[in-house]
Amino acid sequence: MGDIDESGQTPGKKSKETESLYAYTSNYFSDAYALVPEIGEGQRWYDSPYRILDKVARSRARSLIPGPGRRVLSRAINRLECYNEFDRYLAWSRDDTFHNVKVPNSEHVKIPALWAVELFPPSQFDRLLKAINENSWDHKRALYGLGDESREMLERSRAGNGWAWWRLGDVVNRDSKRHLPDSQRQKLSYFFESIELIAMRIGPGLTAVLAYFQLTKIASDLLDDSWHADHGPSLIHQHGVLRVEDRMWSKCRKTQEARLSLHMAAREWLSNTCPGAFSEAGKQQPVIDLLLLEEHDPTLGERTDRELGDALRAIGLTESATVHRSSEYLPGLLLEPVDERMCPALAGRPTWALWGQRTKVAVSAIRDISVYGLEQVNAISYMVNQIARNFFVSLAISELLRLSEERYAALRDSAKTQHGHFKGRHLARLRETFLTLSLDLTSTYRDIQHFNTSSNGEYDITFTMTEAPWITKEREAAGDTDRREIDLVKNMKEKQIESAEKLVSSDNDYRDIMSTVASLWASSDTFKIGRLALWVSLTSLLVALLVADYSGDLIVVHIWKWLVHISSHHHVK
């Protein structure tokens, strides 16, 4: 009897499932190549140029071509091969689920709202005041006597005796039929029905502005329209290189870009209207969007089949098959960060989704959403906005600490790479950056400690991270009954305190670095000034000698006569 490997199969032999899958993919593969042969095997527009270039690349003449020419030759060949691959993907069967994304016709997704967060440490306080003064969000509120002015609220908050949160104001799209008594009407992007701005006091030195964007029907359906659209193969330029995507990758990228376009519009509005720490550093503000599906309920935790998994991946949801982040305060919804490896179109931007099945969320909500007097999806978003504010701000605090780590690293590297050849203005800029970071960090550290330990009543919610229920069932069936869960909020707050403490420690080290850099620069500058002074002295001496009056004539004249005398004496000899 032959050996058995870990999978229970005899080495060298394929299981029936593997053989069936191999035959399945092999048929589509061979059919595609039958319709579109390899490059160089036909009379298509790119076949003849390819044959010529390939012949040159394989000949001895290639060694005579300079390096840059060989690189151009290779790029030209690769480019022609891309066109051939693109034609093959066009001909590839749509029934092959390994190269296509199939979205059920009855499944739909809506994004009724999203949230973006901007933070204002001490160095950004003036920018927040400027935004309040320039935009006058509270003008009608003050005029109607509906509350204090935002500037007064902010100043009291920064003094340590203000409200935990207050409304900066509401902005309604000029074309909207929605009416809010103390709102402003402005021309907004056609994505936005209205925008609510909430200021939240993290501590005396740190204020958060949470922007709640309610989307228009066009924007709410934008992701679903792209999700159900027929996206064919694509030829795209990436970092100057032509690349080919089959229908699956093309659909994933374009669908995720549709979702991203909503996020970027919100970030752009917030950066232009109320810029803070993220905008000043040229970074993307954290965004959380609400995705409501029509049929699929991810909280059931059933094992997702591959086709549905690919469809969810196309909109940027990849983790529910294995990991669940849920909250009893938001029943029916899962929290999921974007996996940048799986969703490259959304990479580099802090993004989270709260998502679930629309009816399940509405039915299981602790609060009766009918009291909000809105249609179901908008009522759900309003409920989330009321409950999850503090948590959204906590996510932004983690991003601010990550940004501080990046800026301190850049400060350290700048001090090292510029030492020895940077000028006084570089040192001044380095000192200014360091002092700003140091001031912000000292204040932020105290404020984060206060925010993470104080209670905000109904606005304090928890999230628990567990494995997907189907995994738990399989473990328990095998006799493993250990409960595996993480208090996500508690864990996040602990990491924030730990990160802030490390930054404070690094801040003390960087103070020594700054002192050393300043001392070395001063020594270097003194040496350069001394060397310059020496050259100035020598130049002055030479000028004095040349213009000095010697026996009635300038010394220059005497030197000239002496040179003429030497020359004539040489000719006489």
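In this section: the overall build of the protein. Scanning the protein from N- to C-terminus turns up 17 helices and 15 strands. The proportion of buried residues among the 573 residues of the protein is 43%. Within the protein, contacts between residues separated by at least 24 positions form 70% of all contacts whose residues are at least 6 apart in sequence. Taken as a whole, the protein presents about 30800 Å² of accessible surface, with 55% of it coming from carbon and sulfur.

Turning our eyes to something else, we now look at the packing of helix H7 (residues 217-228) against helix H8 (residues 247-273). Two elements in contact, H7 and H8, have axes whose closest approach is 8 Å; the angle formed by their N-to-C orientations is 175°. With respect to each other, H7 and H8 are oriented roughly antiparallel. Counting all contacts with H7, which are made through Ala219, Leu222, Leu223, Ser226, Trp227 and His228, the residues of H8 involved are Lys251, Lys254, Thr255, Ala258, Arg259, Ser261 and Leu262. Looking at the contact of H7 with H8, its residues break down into six nonpolar, four polar and three charged.

Burial analysis of strand E10 (residues 333-337) places four of its five residues in the buried class, which makes it a mostly covered element. Relative to strand E11 (residues 351-357), E10 is paired through five bridges, and the arrangement is antiparallel. Following the sheet pairing, leucine 335 is matched in E11 by leucine 354.

Let us look at a negative patch on the surface. Residues Glu38, Glu41, Glu81 and Glu85 make up a contiguous surface patch of negative charge. Assignment of secondary structure puts glutamate 81 in helix H3 (residues 67-91). Residue glutamate 81 is classed as partly exposed on the basis of its relative accessible area, which comes to 31%.

Attention now moves to the pattern of salt bridges. If you walk through the whole model with that rule in mind, you get 24 salt bridges. For aspartate 47, the salt bridge identified is with arginine 44, shortest N-O distance 2.8 Å. Residue classification places aspartate 47 among the buried residues on the basis of a relative accessible area of 0%. The partner of glutamate 399 in a salt bridge is arginine 402, and the shortest N-O contact between them spans 2.4 Å. With glutamate 399 and arginine 402 both in helix H13 (residues 389-418) and three residues apart, this pair spans about one turn of that helix. Accessibility expressed as a relative area gives 41% for arginine 402, which makes it partly exposed. Here the salt bridges share partners, and the residues they tie into one network are Arg243, Glu245, Arg253 and Glu257.

Below, the discussion takes up the environment of leucine 292. Its place among the elements puts leucine 292 in strand E8 (residues 287-293). Judged by relative accessible area, which is 3%, leucine 292 ranks as buried. Along the sequence, leucine 292 and valine 361 sit 69 residues apart, while their C-alpha atoms lie 8.7 Å from each other. Each residue touching leucine 292, except ones within four places of it in the same chain, is listed here: His108, Val109, Lys110, Pro112, Leu333, Gly356, Arg358, Val377 and Ile380.

Relative orientation and spacing of two packed helices are given, respectively, by the angle between their axes and the distance between those axes. Where H8 contacts helix H10 (residues 306-314), the two axes come as close as 8 Å, and the packing angle between them is 40°. In terms of axis orientation, H8 runs oblique to H10. Residues Met248, Trp249, Cys252, Thr255 and Gln256 of H8 touch H10, and the partners they reach there are Asp310, Arg313 and Ala314.

On to helix H4 (residues 125-135). Among the residues of H4, those classed as buried are Phe125, Leu128, Leu129, Ala131, Ile132 and Asn135. Looking straight down H4, one finds that the buried residues subtend no more than 160° of arc, so they occupy a single side. For H4, the exposed residues lying more than 90 degrees away from the buried face are Asp126 and Glu134. Serine 136 occupies a position one or two residues after H4 and carries a positive phi of about 50°.

All right, on to the side chain of glutamine 124 then. When you line up the elements, glutamine 124 lands in the loop between strand E1 (109-120) and H4. Note on glutamine 124: relative accessible area 5%, which makes it buried. Setting aside chain neighbours within four positions, we find glutamine 124 in contact with Gly276, Ala277 and Glu280.

Attention now goes to the side chain of glutamine 285. Turning to its location among the elements, glutamine 285 is positioned in the loop between helix H9 (277-280) and E8. In terms of polar contacts, glutamine 285 uses its side chain to reach the side chain of glutamate 118, at 3.3 Å. In terms of polar contacts, glutamine 285 uses its side chain to reach the side chain of serine 279, at 3.2 Å. Those residues in contact with glutamine 285 that lie beyond four places of it in its chain are Val117, Glu118, Arg267, Leu270, Ser271, Phe278, Ser279 and Pro350.

So, on to helix H6 (residues 150-158). Every buried residue belonging to H6 is among Ser150, Met153, Leu154, Ser157 and Arg158, and all of these are buried. The arc that holds every buried residue of H6, seen down its axis, measures 130°, which confines them to one face.

It is worth spelling out the environment of leucine 401 at this point. Mapped onto the elements, leucine 401 comes out in helix H13. Accessibility expressed as a relative area gives 4% for leucine 401, which makes it buried. Along the sequence, leucine 401 and alanine 500 sit 99 residues apart, while their C-alpha atoms lie 6.9 Å from each other. The residues touching leucine 401, leaving out its near neighbours within four places in the chain, are Ile448, Gln496, Ser499, Ala500 and Leu503.

What follows deals with the nonpolar core. Leu119, Leu330, Leu354, Val384, Phe391, Phe392 and Phe463 are the most contacted members of the largest nonpolar core, which totals 53 residues. A per-element tally of this core places H13 first, with eleven residues. For phenylalanine 392, the contacting residues outside a window of four places in its chain are Trp115, Val117, Leu210, Ile288, Leu354 and Val384. Core analysis: the second largest hydrophobic core is formed by 51 residues, Ala116, Leu128, Leu215 and Leu291 among them.

Quick notes on the rules
- Residues numbered from 1 in each chain as written.
- Predicted model: local features only at pLDDT ≥ 70, side-chain atom pairs only at ≥ 80, totals over all residues.
- Heavy atoms only, no water.
- Helix = DSSP H or I, 4+ residues; strand = E, 2+ residues; numbered from the N terminus.
- Buried < 20%, exposed > 50% of the residue type's maximum accessible area, 1.4 Å probe, protein only.
- Contact = heavy atoms within 4.5 Å.
- Areas by Shrake-Rupley, 256 points an atom, 1.4 Å probe, with all protein chains shown as cover.
- Axes fitted to C-alpha atoms, helices over the stretch in contact; angles between N-to-C directions.
- Parallel < 35°, antiparallel > 145°, perpendicular 65-115°, else oblique.
- Nonpolar A, V, L, I, M, F, W, Y, C, P; charged D, E, K, R; others polar.
- Pairing = 2+ DSSP bridges.
- Patch = residues over 30% accessible without salt bridge, like charges linked within 9 Å, V, L, I, M, F, W, Y side chains within 5 Å.
- Salt bridge = Lys/Arg side-chain N within 4 Å of Asp/Glu carboxyl O.
- Lys, Arg positive; Asp, Glu negative; His and termini not counted.
- Charge placed at Lys NZ, Arg CZ, Asp CG, Glu CD.
- Arc of directions from axis to C-beta.
- Polar contact = N/O pair within 3.5 Å; in protein donor to acceptor, adjacent residues only side chain to side chain.
- Core = buried A, V, L, I, M, F, W, Y, C linked by side-chain atoms within 4.5 Å.

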